[in-house]
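The chain contents come next:
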Amino acid sequence: MGVLSRITGAFRRIPTPEPVAVEESREQPTAAQVRRSGYEYGIPLGNASSSAQVAATSERQQILTQLHQAYLTCIWVSSPIDLIARTVTAGGLQIVSNEDIPEGELPPDPPEVVRLRRLLRFTNPHEDMVQLLRNVATDLLLFGDAYLEIVWLLGEPVALYTLDATTMTVLSDQHGEVTGYRQDVDGVRCTTFAPRDVIHISMDAPRGGLYGVSPAQKALLPVTAWLFWEATLKECGRRGDPPRLHVDLAHYQDTDVQRWREQYTVHNLGPKAVGTPVITTAGGGVQVLDPRKVTDYLDATRQLRDEIIACFGTPPAKLGIIESGNLGGGTGEQQDKTFRVNTVIPIANLILEKLNFHLLQEGFGIADWHLEFSEIDYRDSKVVEEIRDIRLRNGSYTLNRYRDEIGEPPVDGGDDAVLVDRQNLVLWADMVRMSEAQVAKAAAPGVAAGVQVPGVRTQPSIDGTDPNNPATAGATTNPEDKPGLANDAVQGEAPRESLAEADDRPLAERVRDQLLQNYPPAVLDWVLSASWTGPQPVPLDEVDFSHEAEWAASREPKRVKHFVKQIKKRGRTKPVVLIKTPGNPKLVIIDGHHRALAYRKRGEPIYAWVGTVHQDHGQWDQIHSSQFHREESEKETWDDLYRQHLAEALARIGG
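The residue numbering used here restarts from 1 in each chain and proceeds along that chain's sequence as written. Totals for whole chains, interfaces and linings use all residues, but because this is a predicted model, local features are given only for residues with pLDDT of at least 70 and pairs of side-chain atoms are given and counted only at 80 or more. Based on all heavy atoms of the structure, the side-chain values leave hydrogens and waters out of the count.

Where charged atoms from two side chains of opposite charge approach closely, those side chains can pair. By convention in these notes, a salt bridge is any Lys or Arg side-chain nitrogen within 4 Å of a carboxyl oxygen on Asp or Glu. All told, the structure shown has 14 salt bridges when counted by the stated rule. With a shortest N-O distance of 2.9 Å, Asp389 and Arg393 are connected by a salt bridge. You can see Asp389 and its partner Arg393 sitting in helix 12 (residues 381-393), 4 residues apart, about one turn around the helix. The classification of residues rests on relative accessible area computed with a 1.4 Å probe and restricted to protein chains. Under 20% of the type maximum is buried, over 50% is exposed, and intermediate values are partly exposed. With a relative accessible area of 29%, Asp389 lands in the partly exposed category. A relative accessible area of 39% places Arg393 in the partly exposed class. The salt bridge involving Glu604 is made with Arg602; its shortest N-O contact spans 2.8 Å. Overlapping salt bridges bring together Glu385, Arg388, Arg401 and Glu405 as one network. Numbered from the N terminus, helices here are DSSP runs of H or I no shorter than four residues, and strands are runs of E no shorter than two.

Below you can see the structure in the form of structure tokens.
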């Protein structure tokens, strides 16, 4: 390490040649050619040397020293600064090409990029690039300015070092044109840098100038107040938080008063003396002026804490502060996004702009690459998986892309995008046929009136005639002859119940398909082995209502009232599912408790499927523990059934 230091020192003494000019720089004016006419704030009349002396006044040194002490003594200054600095550099620094290069076709890096990567890997003998940039971010947030020293070799940077911001002075003329930098450590160790030897990064300043204004400097007033209140709390704790007293010792001599004061200090002050009574003699009176105010002191420090961290733009939750109810603060993800957009990214861009100019453009002559901080996904893993699931369901992701992101191998058919709509799953390749099914569904009233869709069997009309049957195509029937269907007939709609009645599949399959809307297939094996009749009206006295008090439907009168209205409007609802067991003389309700109560409330028979099983207990006893908890909707149920019939019809067309 000593040899390396001597070699580096020798390199510093070698006159460095002019840097290699970038091709684009011939068309752009140089800094020496661009001269301003205005004057910079904070620089008085005089030459460069006098300006430098004024810039490094004792007042600025005193402010910087005070800020450093605030960082060491106030946790609400150091914590936000450390948090922002670590977040900015968490992903590390990388060099990226400006061109979009397809994955797997990366060409070899140019020689100058290879040398830049070497600089990023070896910054100096005792710091790496992440640690160096973390110090830069810390200095920016604390002092408003950060300085990096560049060590040159053969016209290119070979090392970077941090410079103490409190000892640095910017040299300039009256117009603010930087002529160099001066470091004065203790009046003895001093050195001067050329402008190209120092990377100066500064925060925004309201009136401009050579130096930036840091968030810590803006928060200096609440920081000072916080320190005083903390000192007060410390003294209260040291003295045992005694109340303020007024003691009347008027007839005592001065020596007696002094002795009493000393005894009070020994016996009544300090944590060990908490609760010890104040004892006086000869009629001395004691009166409490102020009660203990530790709670008020703590409230004051919390208020000042919020003011300090607000200056740094840091959400309280990021610093471990638990907010009561989080009123007005948004969710954790919203706070994280606001923190990154308003605080982290501006600091990162400020640093990157300087590095890209001084290192890539001036240092290595690189024009088509840039430096950037790698991004880290801070989101909760559950949020990430929910977003992936949404993208998979709406077709933005394929299954194999999803599996690739979570490190799983691809599966057959996983490259086909699908659309998952509630309980339906459709390949995007089949969207044309799905669209035709939707059009056919929208044309249902026309179909009922006699408009034939090619390949689709039209549903029976409201008057009971079948347009597919020439024998009944011209017959008419009064809608009032069919109880419960009059309202639909008046509106010209085909009754949804006719869809179920027109189904010619086995009854067990129809019952199972209805139950699949609310139950998983694993609990419905028993349906296919039972004997079924219906759907049909079942008298109320044949249905078992003995366990009504235990039903969830008994505690949901609004849902029952909803089905009462449905029965009044349509005459019936989706069929209730009843079963007949050997040991029970009445029929047991398996599905449709709300609808059964609605029929009883109207005093009408229950429209239901009736199944017969050959044992008293079975899988049907536990079926409700597996029910999907979703709102029952009569309209949605029949729409789903209608959609199913249309999809089957269109499938037959395609087949």
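On we go from here.
Take the pairing of strand 14 (residues 576-580) next. Among the 5 residues of strand 14, 4 are classified as buried, and the element is accordingly described as predominantly covered. A pair of strands is considered paired only if DSSP assigns at least 2 bridges between the two. Bridge count between strand 14 and strand 16 (residues 606-612): 5 bridges; the pairing is parallel. Among the inter-strand pairings, Lys580 is bridged to a residue of strand 16, identified as Thr612. Note: strand 14 against strand 15 (residues 588-591), 3 bridges, orientation antiparallel. Bridge pairing links Leu578 to Ile589 in strand 15.

Across the sheet, which stays open at both edges, the 4 strands sit in the order 13-16-14-15 with mixed pairing between neighbours. The sheet is open, and its two borders are formed by strand 13 (531-538) and strand 15, each paired with just one other strand. Along the sheet, successive strands turn relative to each other by an average axial angle of 35°, direction set aside. Every residue pair with non-hydrogen atoms within 4.5 Å of one another is taken to be in contact. Lines fitted to the C-alpha atoms define the axes, with helices restricted to the stretch that makes contact. Angles between their N-to-C directions range from 0 to 180 degrees. Where helix 18 (residues 507-515) meets the sheet, it contacts strand 13, strand 14, strand 15 and strand 16, and its direction lies at approximately 70° from that of strand 13. The strands touched by helix 21 (residues 593-602) within the sheet are strand 14, strand 15 and strand 16, with strand 15 carrying the most contacts at an inclination of about 130°.

What follows deals with the nonpolar core. Among the nonpolar cores identified, the biggest contains 71 residues, and Val77, Leu93, Tyr147, Ile308, Ile351, Leu355 and Leu371 are the most heavily contacted of them. Apart from residues lying up to four places away in sequence, Leu371 is in contact with Leu93, Gln94, Ile95, Leu116, Leu120, Leu352, Leu355, Asn356 and Leu360. In plain words, nonpolar cores are sets of buried Ala, Val, Leu, Ile, Met, Phe, Trp, Tyr and Cys residues tied together by side-chain atoms within 4.5 Å. Counting 21 residues, the second largest nonpolar core, distinct from the first, contains Val543, Ala553, Tyr599 and Ala608.

Expected helix span is computed as 1.5 Å times (number of residues minus one). With 19 residues, helix 8 (residues 220-238) should reach 27 Å at 1.5 Å per residue; the first-to-last C-alpha distance of 27 Å fits that figure. Along helix 8, the residues that are buried comprise Leu220, Pro222, Val223, Trp226, Leu233 and Cys236. Those residues of helix 8 that are buried lie in contact with helix 3 (58-73), helix 4 (75-88), helix 7 (215-218) and helix 10 (294-312). In the segment just after helix 8, Gly240 is the residue with positive phi, at about 80°.

The subject of this paragraph is the packing of aromatic side chains. Geometry of an aromatic ring pair is reported as the spacing of the ring centres plus the angle between the planes. In this scheme Phe, Tyr and Trp rings, the latter by its six-membered ring, pair at centre separations within 6.5 Å, and the angle between planes marks the pair as stacked below 30 degrees, edge-to-face above 60, and tilted otherwise. For the structure shown, the criterion picks out 4 aromatic pairs. Pairing Trp229 with Tyr297 gives two aromatic rings, centres 5.3 Å apart and planes at 35°, and the pair type is tilted. Separated by 68 residues along the polypeptide, Trp229 in helix 8 and Tyr297 in helix 10 bring together distant segments of the chain. Given the relative accessible area of 32%, Trp229 is considered partly exposed. Across the ring face of Tyr211, the terminal group of Arg60 is positioned such that the distance to the ring centre comes to 3.7 Å. The rule for a charge over a ring is simple: NZ of Lys or CZ of Arg within 6 Å of the ring centre, and within 35 degrees of the ring normal.

On to the sheet that holds strand 6 (residues 190-193). In space, the 3 strands of this open sheet follow the order 4-5-6, with antiparallel pairing throughout. The sheet is open, and its two borders are formed by strand 4 (168-172) and strand 6, each paired with just one other strand. Neighbouring strand axes in the sheet, compared pairwise and without regard to direction, differ in orientation by 25° on average. Bridge count for strand 4 against strand 5 (residues 178-184) is 5 bridges, and the pairing is antiparallel.

On to the confidence of the model for the protein, then. Residue-level confidence of the predictor is summarised by pLDDT, bounded by 0 at the bottom and 100 at the top. Per-residue confidence for the protein averages 76 on the pLDDT scale, and 74% of its residues sit at or above 70. Note on residues 1-17: pLDDT is under 50 here. Beyond four places in sequence and across chains, it has 15 contacts.

Two elements in contact, helix 3 and helix 8, have axes separated by 11 Å at closest approach and are oriented at 50°. Overall, the two elements helix 3 and helix 8 adopt an arrangement that is oblique. With respect to the hand of their crossing, helix 3 and helix 8 are arranged in left-handed fashion. On helix 8, the residues touching Gln66, Leu67, Ala70 and Thr73 of helix 3 are Leu220, Val223, Thr224, Trp226 and Leu227. Residues belonging to the contact of helix 3 with helix 8 are distributed by class as follows: 6 nonpolar, 3 polar and no charged. Comment on the angle field: the value is read as roughly parallel under 35 degrees, roughly antiparallel over 145, roughly perpendicular from 65 to 115, and oblique elsewhere. By convention the crossing between two helices is left-handed if the near helix lies anticlockwise of the far one by an angle smaller than a right angle, and right-handed if it lies clockwise. In this classification, Asp, Glu, Lys and Arg are treated as charged, Ala, Val, Leu, Ile, Met, Phe, Trp, Tyr, Cys and Pro as nonpolar, and every other residue, Gly included, as polar.

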